[in-house]
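Letter by letter, the chains look like this.
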Amino acid sequence: MSDQAVAVNRGGPTDKTLRIDAWWVEPAVTVGMLSTFLIYTTWAALVNEHYYVAPYLSPFYSPCLSTSCAHVTLGLFDWPLSPAILILWAPAGFRLTCYYYRKAYYRSFWMSPPACAVRDGHAQYSGETRFPLLMQNLHRYFFYAATLVVLFLWWDALLAFRFPTTDGGSEFGLGLGTLVLIANAAFLSLYSFSCHSCRHLCGGGLDVLSQSPLRLKLWRQVSRLNENHMLFAWISLVGVMLTDVYVRFISMGYISDVRFF
Amino acid sequence: MASEFTMRVWRGDLSGGEFKDYRVEAQEGMVVLDVIHTIQATQAPDLAVRWNCKAGKCGSCSAEINGKPRLLCMTRMNLFEPGETITISPIKTFPLLRDLVTDVSFNYEKAKKIPALKLKAKEADGTRRMYQDDVDRVQEFHKCIECFLCQDVCHVIRDHEDNKPEFAGPRSFVRLASLEMHPLDEEDRREFLKGDAGLGYCNITKCCTEVCPEGIHITDNAIIPLKERVVDAYYDPVVWLMNKLTGK
């Protein structure tokens, strides 16, 4: 039978789905989680205040590239709007084009399909063959940019050991915020380096891995991380939001940081 | 201990059909295929079902059980509560022949179009060598039993008949990955993947991986690595520039 000869009337049941389990729970939870994150992040990025309390910088504002920042990382120029806008495109683009999140939002927001063996919510479908979804192929470039941001987050975590003193100097210390910033950088690193594009770049693109022992080793390590990419995606998503909340609440005076020494 | 179930089985062909209920007693250790055979033996001798090995290795008895694509022979009856009504329908993506049997020749037509293995030249001593490190990756793909459950669940063709000419489906991508990543192969299938195979239609919703009875990580280990290879060839401006500069 040729491709064209496949009958349009296939016979069999025509129900939207015959599944009797709660298939709708997963997309509903995903919509709730991602919507909460999107709304909070947009607000936190635009509000342009309470993102720094020494020595903690919110990850939504790192690296701070404007000379008008409350804590300048690299003062490249003066930027009149929120400095978060200058950098958030990188992690946002990385998550938007991420192979895991694509699954999550195609299913939950676009219903294409809402769940396995449940009818697609659209009459026509062209997948990622046309603009704008063709741009998903630029994922690796967002990976490069997001990795740079993660490096700055590790720098911020190091700076979080340097507490200001009353005489205007600084001293070495450890606060709960230091641990929060370290955990945030660690989870974001796990998410970034478990990425499918990273796996490809490390060695997945080679047919004969045995001739490149270093890349083989790297590919194996990233492959192991990649098995938990979905887990890291969610933990780091919630983690980065909670890190901002922690810094913001201290800055606003709602809570006090716990100082261990 | 025996338990009684109501089996709602699809009966019909391309001209029409309906679900029919059969009350069946399932003995301990039975799988759904055993119950279907009991119905054949005691109540409906004309019930059509395709099966062969009864061990999850031939890929013949693919069907949808309570709406989920599964192998009849690998679904144990103790997954269900005694007295439960269990719905058995044919796989939806392919034309029905009769009852639970569909025409899966679409998949064989797609397989014929896949560019075959093109071996590299032999080494100086007249042999070809490959190492376990290189073979490990493609061995996973050889576990495929061609049950076509991944093809059945893929919404690109399940819900969009018009995409069938342009889209090869997850089973084909597993085959393509096994060839494209083969350490002794020198054929470049990236143009085929982007064009005839329609890899861009896949939106990574992972249903193929979820239903694979062999546990092949179809999306993570076959489809996404193939997509990345297509990006190398067609969508990466830096690779494109490097190739231009180096004359590749």
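Please read these numbers as outputs of a predicted model, since none were measured by experiment. (Residues numbered from 1 in each chain as written. Chains lettered and ligands numbered in written order. Predicted model: local features only at pLDDT ≥ 70, side-chain atom pairs only at ≥ 80, totals over all residues. Heavy atoms only, no water.)

**Student:** Quick rundown of the overall build of chain B? Include the residues and the values.
**Tutor:** Summing up its helical and strand segments, chain B has 10 helices and 7 strands in all. Seen through its principal axes, chain B has C-alpha atoms that stretch 70 × 40 × 25 Å. Per-residue burial for chain B yields a buried fraction of 58% across its 248 residues. Intrachain contacts of chain B at a sequence separation of at least 6 include 62% that bridge at least 24 residues. Only carbon and sulfur atoms are counted for the fraction: they give 50% of the accessible area of chain B, which is about 10,800 Å². Distance between charge centroids for chain B: 3 Å, based on 34 positive and 39 negative side chains. (Helix = DSSP H or I, 4+ residues; strand = E, 2+ residues; numbered from the N terminus. Buried < 20%, exposed > 50% of the residue type's maximum accessible area, 1.4 Å probe, protein only. Contact = heavy atoms within 4.5 Å. Areas by Shrake-Rupley, 256 points an atom, 1.4 Å probe, with all protein chains shown as cover. Lys, Arg positive; Asp, Glu negative; His and termini not counted. Charge placed at Lys NZ, Arg CZ, Asp CG, Glu CD.)

**Student:** An account of the sheet that holds strand E1 (residues 3-13) of chain B is needed here, citing residue identities and associated values.
**Tutor:** Residues and elements named next belong to chain B. On the basis of which strands lie adjacent, the open sheet formed by 5 strands has the order E2-E1-E5-E3-E4 and mixed pairing. The open sheet terminates on both sides in strands that have one partner only, identified here as strand E2 (16-26) and strand E4 (68-71). Going from strand to strand, the sheet's axes swing by 35° on average, the running direction of each strand aside. Here 11 bridges tie E1 to E2, and the two strands are oriented antiparallel to one another. Considered in E2, the bridge of Thr 6 is made with Arg 23. (Pairing = 2+ DSSP bridges. Axes fitted to C-alpha atoms, helices over the stretch in contact; angles between N-to-C directions.)

**Student:** Outline the packing of helix H4 (residues 139-159) of chain A against helix H5 (residues 176-193) of chain A, supporting the account with residue identities and numerical values.
**Tutor:** Residue and element names in this part refer to chain A. Direction vectors running N to C along H4 and H5 enclose 160°, while the axes themselves pass 9 Å from each other. Taken together, the axes of H4 and H5 lie roughly antiparallel to each other. Where H4 crosses over H5, the handedness of that crossing is left-handed. Contact residues: Phe 143, Thr 147, Val 150, Leu 153, Trp 154, Asp 156 and Ala 157 in H4; Thr 178, Leu 181, Ile 182, Asn 184, Ala 185, Ala 186, Leu 188, Ser 189, Ser 192 and Phe 193 in H5. Partitioning the contact of H4 with H5 into residue classes produces 11 nonpolar, 5 polar and 1 charged. (Parallel < 35°, antiparallel > 145°, perpendicular 65-115°, else oblique. Left-handed = near helix turned anticlockwise from the far one by under 90°. Nonpolar A, V, L, I, M, F, W, Y, C, P; charged D, E, K, R; others polar.)

**Student:** I'd like a description of the layout of surface pockets, backed by residues and values.
**Tutor:** Residue and element names in this part refer to chain A. In this structure, the largest pocket occupies an estimated 620 Å³ of space. Every residue lining the largest pocket is counted, 29 residues in all, and those nearest its centre are Phe 37, Pro 91, Ala 92, Arg 95 and Leu 237. Elements represented by at least two residues in the lining of the largest pocket include exactly helix H1 (25-47), helix H2 (84-97), helix H3 (99-108), H4, H5 and helix H8 (229-252). Residues that form the lining of the largest pocket fall into these classes: 24 nonpolar, 4 polar and 1 charged. (1 Å grid on protein atoms, 1.4 Å probe; cavity = no way out; pocket = protein on both sides within 12 Å on 5 of 7 lines; lining within 4 Å. Points joined across faces, edges and corners; volume = space filled by probe spheres on them.)

**Student:** Help me get a handle on the interface of chain A and chain B, residues and values and all.
**Tutor:** Taken together, the contact pairs 59 residues of chain A with 69 residues of chain B. Here chain A packs against chain B, burying approximately 5,200 Å² in sum over the two surfaces, 51% of which is carbon and sulfur. Scanning the region where chain A abuts chain B turns up 9 salt bridges. With a closest N to O distance of 2.8 Å, A:Arg140 and B:Asp236 form a salt bridge. (Buried area = accessible area lost by both parts, 1.4 Å probe. Salt bridge = Lys/Arg side-chain N within 4 Å of Asp/Glu carboxyl O.)

**Student:** With reference to specific residues and values, describe the pattern of salt bridges.
**Tutor:** For the structure shown, the criterion picks out 32 salt bridges over all chains. B:Lys227 serves as the salt-bridge partner of A:Glu128, at 2.9 Å between the closest nitrogen and oxygen. Linking A:Glu128 in the loop between H3 and H4 with B:Lys227 in helix H9 (residues 218-235), this pair reaches from one chain into another. For the pair formed by A:Glu128 and B:Lys227, the shared burial category is buried. The residue B:Arg129 makes a salt bridge to B:Glu123 at a minimum N-O spacing of 2.6 Å. Here B:Glu123 falls in the partly exposed class, since its relative accessible area comes to 37%. One salt-bridge network, held together by shared partners, links A:Arg140, B:Glu228, B:Asp232 and B:Asp236.

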